[in-house]
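Chain residues, written in single-letter form:
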Amino acid sequence: APVLDTACFRRWLTETTRLVRRDSARLTELDAVIGDGDHGANLVRGFGAVGTAVAEARPATPGALLALAGTTLTNTVGGASGPLFGTALRRTGKVLGDRPAPTGIELAGALDVGLRSVQKLGGAEVGDATLVDALAPGVAALAEATGAGRPLREALDEACRAAREGAEATAGLQARKGRASYLGERSIGHQDAGAHSVALLMEALRTAVET
Ligand code: ADP
Ligand code: MG
Ligand code: MG
């Protein structure tokens, strides 16, 4: 069975960096239509800085690793996504504490606290066409599947699917938070960039667990 140890979480971050670089143009394009067109560049810069910080500090536990990653994102990304993703990862790391390898259920619970901290910080509910629309269903699917005793790989398949569907569904919604909300009804018909990044993070986690 896969183990959620520090090496696995390090793979999560490096795979996230790879996917964010790969899809940078697409993320920027989505943000250009209803925002300011910097989302890809923001995350490339942020996760690049995370890689440097992790290589220097070499955190020993999953919790310390995610806390460092979160703090680094908050401090290096100027856009809204930096503090939001940063807070999610930092709070998730704090909940994991100094456990050497949390269970899937524990990870799902920690991510749920991360989700709540994002909602508290940004004020977005599900349906406001933000990254919460991918994160909330993704975390819920992970919690439900791990709670039902499903293998972690299967649980992450469910979480990836739910996050992807949530991201795609933002196209039909009016944005009520973030820059896209300035467009009012004209934001309807366009997918949210940050929700796509959440789907990438979920995919990266699945890859990290599989390898
Ligand atoms: P900025 O909008 O400051 O340029 P980014 O382009 O990096 O920052 O990130 C934009 C993304 O951040 C949006 O696509 C959306 O998913 C997310 N976002 C913005 N504001 C909020 C908020 N208040 N709550 C949740 N997510 C938000
Ligand atoms: Mg932007
Ligand atoms: Mg910006």
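From a predicted model like this one, the values you see are computed outputs, not experimental measurements. (Residues numbered from 1 in each chain as written. Chains lettered and ligands numbered in written order. Predicted model: local features only at pLDDT ≥ 70, side-chain atom pairs only at ≥ 80, totals over all residues. Heavy atoms only, no water.)

1. Regarding the site of ligand 1
What surrounds ligand 1 is a group of 20 residues, the closest being N42, A80, S81, G122 and D192. The side chain of D38 places a nitrogen or oxygen atom 2.9 Å from an oxygen atom of ligand 1. When ligand 1 is considered free in solution it has 570 Å² of accessible area, and contact with the protein chains removes 91% of it. Mapped by element, the contributors of at least two residues to the shell around ligand 1 are α3 (39-57), α5 (81-96) and α9 (193-210). Ranked by the residues each element gives to the shell around ligand 1, the list is headed by α9, at 3 residues. (Near = heavy atom within 4 Å. Polar contact = N/O pair within 3.5 Å; in protein donor to acceptor, adjacent residues only side chain to side chain. Areas by Shrake-Rupley, 256 points an atom, 1.4 Å probe, with all protein chains shown as cover. Helix = DSSP H or I, 4+ residues; strand = E, 2+ residues; numbered from the N terminus.)

2. Details of helix α4 (residues 62-76)
Taking 1.5 Å per residue, 15 residues should reach 21 Å; α4 reaches 21 Å between its end C-alpha atoms and fits that length. Summarising the contacts, the buried residues of α4 are in contact with α1 (6-22), α3 and α5. (Expected span 1.5 Å × (residues − 1). Contact = heavy atoms within 4.5 Å.)

3. A closer look at the nonpolar core
One recurring pattern in soluble globular proteins: nonpolar side chains tend to sit buried together. The biggest cluster of nonpolar side chains holds 54 residues, and the ones touching the most others in it are F9 and W12. Elements supplying a minimum of two residues to this core: α1, α3, α4, α5, α6 (104-122), α7 (132-147), α8 (152-169) and α9. Looking at which element gives the most residues to this core, the answer is α9, with 10 residues. In contact with F9, not counting residues within four places along its chain, are L4, P62, L65, L66, L96, P102 and L107. (Core = buried A, V, L, I, M, F, W, Y, C linked by side-chain atoms within 4.5 Å. Buried < 20%, exposed > 50% of the residue type's maximum accessible area, 1.4 Å probe, protein only.)

4. Things to note about the pattern of salt bridges
This structure, assessed with the given rule, holds 10 salt bridges. With a closest N to O distance of 3.0 Å, D157 and R206 form a salt bridge. Here D157, found in helix α8, pairs with R206, found in helix α9; they are 49 residues apart in sequence, far enough to count as distant. Overall, the relative accessible area of 31% leaves D157 in the partly exposed class. As a salt-bridge pair, R161 and E158 come within 3.4 Å of each other at their nearest N and O atoms. Here R161 and its partner E158 are both found in helix α8, 3 residues apart, which amounts to about one turn of the helix. (Salt bridge = Lys/Arg side-chain N within 4 Å of Asp/Glu carboxyl O.)

5. As for the coordination of the magnesium ion (ligand 2)
The protein atoms that coordinate the magnesium ion (ligand 2) are D31 (OD), D36 (OD) and D38 (OD), at distances spanning 2.0 to 2.2 Å. Read N to C, the donor residues that coordinate the magnesium ion (ligand 2) are spaced as D-x4-D-x1-D. Here the magnesium ion (ligand 2) and the magnesium ion (ligand 3) are spaced 3.5 Å apart, and both take D36 as a donor. Under the relative-accessibility criterion, D36 is labelled partly exposed at 36%. When its relative accessible area of 25% is taken as the criterion, D38 is described as partly exposed. (Donors = N, O, S within 2.8 Å, 3.2 Å for Na, K, Ca; no water.)

6. Details of the packing of helix α2 (residues 24-34) against α9
When two helices pack together, their arrangement is captured by the angle between the axes and the distance separating the axes. Interhelical geometry of α2 versus α9 gives an angle of 155° and a closest axis separation of 8 Å. Considering the angle they form, α2 stands roughly antiparallel to α9. In this structure, α2 uses R26, L27, L30 and D31 to contact α9, whose residues at the interface are A193, H196, S197 and L200. When its residues are assigned to classes, the contact of α2 with α9 shows 4 nonpolar, 2 polar and 2 charged. (Axes fitted to C-alpha atoms, helices over the stretch in contact; angles between N-to-C directions. Parallel < 35°, antiparallel > 145°, perpendicular 65-115°, else oblique. Nonpolar A, V, L, I, M, F, W, Y, C, P; charged D, E, K, R; others polar.)

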